[in-house]
Amino acid sequence: MNDQTMFKRGRNVWLILLVAVQLLFLGGIACFHYSALWVGKEITLRTVPVDPRDQLYGDYVQLNYAINNAAWSDWKDGDKAKQGDTIYVLLAQDGDASTYEIKGVYDRKPPRGTGEVALKGRVQYTTDDTLRITYGLEQYYVEENTGKELEQRAGKLIVHVKVAPWGSAIIERIQP
């Protein structure tokens, strides 16, 4: 074998390796996102939707949850959170109700008891009394021309969410 043939083989191996690494990276991103559906705990949340429309993606429902606003009295750690901070909200079932409510807000992942979940969020803004938190669950895309129907049921919708053990969440379904 001459040097030129060895060079071509080495180049082919590196090219195959580079493509394989890229495919593994993209597959890992997709698996991480959908892993909440496979291993997550299902919880239900109450909403108040609004029906906007996106020119590229079609109809979606803008969802506002009771857990989007937390009182500072729910804050369980030292320094208060600021806009843009990543936080964890500890949720537990609300007595006889099937929905989950805020039990505490933390700057790092809190220990969870039986029936509790920690949902990862980001502080959108703060006031003297409350924190406004977003979870990435505030938009839900629906079939074309079905958003208005959901809007008319404002305040009576229940959202089923799967929460992974590490705090990420994905909407599984919406029901009245």
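Residues numbered from 1 in each chain as written. Predicted model: local features only at pLDDT ≥ 70, side-chain atom pairs only at ≥ 80, totals over all residues. Heavy atoms only, no water.

What the rule picks out here adds up to one aromatic pair. A centroid spacing of 6.1 Å and a plane angle of 70 degrees characterise the contact between Trp72 and Trp75, whose relative ring orientation is edge-to-face. Of the two residues, Trp72 and Trp75, neither departs from the other in class, the shared state being buried. (Phe/Tyr/Trp six-rings, centres within 6.5 Å; stacked < 30°, edge-to-face > 60°. Buried < 20%, exposed > 50% of the residue type's maximum accessible area, 1.4 Å probe, protein only.)

So, about the side chain of Glu116. You can see Glu116 is positioned in strand 7 (residues 116-126). The class for Glu116 is buried, based on a relative accessible area of 12%. Only 2.6 Å separates the side chain of Glu116 from the backbone nitrogen of Gly113, close enough to count as a polar contact. Discounting residues that sit within four places of it in the chain, Glu116 has contacts with Leu90, Leu91, Ala92, Lys103 and Pro111. (Helix = DSSP H or I, 4+ residues; strand = E, 2+ residues; numbered from the N terminus. Polar contact = N/O pair within 3.5 Å; in protein donor to acceptor, adjacent residues only side chain to side chain. Contact = heavy atoms within 4.5 Å.)

It is worth spelling out the pattern of salt bridges at this point. Scanning the entire structure with this criterion turns up three salt bridges. One salt bridge in this structure joins Lys103 and Glu116, with 2.3 Å as the shortest N-O distance. In this pair, Lys103 is assigned in strand 6 (residues 100-106) and Glu116 in strand 7, connecting sequence segments 13 residues apart. Close ionic contact of Arg108 with Asp107 constitutes a salt bridge, the shortest N to O distance being 3.4 Å. When its relative accessible area of 55% is taken as the criterion, Arg108 is described as exposed. (Salt bridge = Lys/Arg side-chain N within 4 Å of Asp/Glu carboxyl O.)

A separate point is the pairing of strand 10 (residues 158-163). The element strand 10 is largely enclosed, with a buried count of six among its six residues. The alternating pattern of strand 10 places Ile158, His160 and Lys162 and Val159, Val161 and Val163 on opposite faces, both of which are buried. Alignment of strand 10 against strand 11 (residues 169-175), held across six bridges, turns out to be antiparallel. What sits directly across from Val161, in strand 11, is Ile171. Here strand 10 folds back onto strand 11, and the loop between the two strands holds five residues, one of which, Gly167, carries a positive phi near 105 degrees. (Pairing = 2+ DSSP bridges.)

To continue, consider the side chain of His160. Here His160 lies in strand 10. The residues contacting His160, other than those within four sequence positions of it, are Glu42, Ile43, Thr44, Ile170, Ile171, Glu172, Arg173 and Gln175.

What follows is about the confidence of the model for the protein. Parts of the model with low pLDDT should not have their predicted coordinates read in detail. Mean pLDDT over the protein stands at 81; residues scoring 70 or higher make up 81%. Mean pLDDT values for the elements of the protein range from 52 in strand 2 (residues 53-54) up to 92 in strand 8 (residues 130-134). (pLDDT = per-residue confidence, 0-100.)

All right, on to the environment of His33 then. Relative to the elements of secondary structure, His33 occurs in helix 1 (residues 3-39). By relative accessible area, which is 43% here, His33 ends up partly exposed. With 131 residues separating them in the primary sequence, His33 and Ala164 have C-alpha atoms 9.8 Å apart.

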